[in-house]
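Observations on the model geometry
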Amino acid sequence: MKKEIERGIVMTSFHYKIQSSMGLHARPTGIMVKRLKPLDAQVIIRCGERSADAKKLFSVMSMAVKQGETVTIEIDGPEEETLKEELSAFFSEHF
């Protein structure tokens, strides 16, 4: 998805339909959190009315995203497009 304006902030986002029967599960989520934590970027995962800071494992896990649900990943910060490509590939491989 192209950059969109939300609450006056320009960011990059993409959608992903969860394929894994385990949903958005802990092991790959932990890997993702570890990768994102040191970056100077804000990454938010949304699913319906639920949202979480992708740098916080318990926040993401509390969303309880199941197989078949679509999440939106919003990225704001330096290297947005590069991070979007990396996360898109990560979600395709793990979720």
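Residues numbered from 1 in each chain as written. Predicted model: local features only at pLDDT ≥ 70, side-chain atom pairs only at ≥ 80, totals over all residues. Heavy atoms only, no water.

1. Side note on the packing of helix α1 (residues 26-36) against helix α3 (residues 80-94)
As a packed pair, α1 and α3 sit with axes 11 Å apart at the nearest point and diverge in direction by 165 degrees. Looking at the two axes, α1 sits roughly antiparallel to α3. In the crossing of α1 with α3, the sense of the turn from one axis to the other is right-handed. Facing α1, whose interface residues are P28, I31, M32, R35 and L36, α3 presents L83, E86, L87, F90, F91 and H94. Tallied by class, the residues present in the contact of α1 with α3 amount to 8 nonpolar, 1 polar and 2 charged. (Axes fitted to C-alpha atoms, helices over the stretch in contact; angles between N-to-C directions. Helix = DSSP H or I, 4+ residues; strand = E, 2+ residues; numbered from the N terminus. Parallel < 35°, antiparallel > 145°, perpendicular 65-115°, else oblique. Left-handed = near helix turned anticlockwise from the far one by under 90°. Contact = heavy atoms within 4.5 Å. Nonpolar A, V, L, I, M, F, W, Y, C, P; charged D, E, K, R; others polar.)

2. With respect to the packing of aromatic side chains
All chains considered together, the criterion is met by 4 aromatic pairs. Consider the rings of F14 and F91, whose centres lie 6.2 Å apart with planes at 85 degrees: the pair is edge-to-face. Of the two residues, F14 is situated in strand β2 (residues 9-17) and F91 in helix α3; the sequence distance between them amounts to 77 residues. A residue is classified by how much of its surface remains accessible, and F91, at 0% relative accessible area, is buried. (Phe/Tyr/Trp six-rings, centres within 6.5 Å; stacked < 30°, edge-to-face > 60°. Buried < 20%, exposed > 50% of the residue type's maximum accessible area, 1.4 Å probe, protein only.)

3. A word on the environment of M32
On the secondary structure map, M32 appears in helix α1. Note: C-alpha distance between M32 and K55 (23 residues apart in sequence) is 7.8 Å. Contacts of M32, omitting those with residues within four sequence positions, involve I45, A54, L87, F90 and F91.

4. Observations concerning the pattern of salt bridges
Using the criterion set out here, one finds 3 salt bridges in the structure. A salt bridge links E74 to R46, with the shortest nitrogen-to-oxygen separation between them at 3.0 Å. Here E74 is found in strand β5 (residues 70-76), whereas its partner R46 is found in strand β3 (residues 42-47), with 28 residues between them in sequence. Residue E69 is joined to R50 by a salt bridge in which the shortest nitrogen-to-oxygen separation is 2.6 Å. You can see E69 sitting in the loop between α2 (57-61) and β5 and its partner R50 sitting in strand β4 (residues 50-53), a full 19 residues away along the chain. Looking at E69, the relative accessible area reads 23%, which means it is partly exposed. (Salt bridge = Lys/Arg side-chain N within 4 Å of Asp/Glu carboxyl O.)

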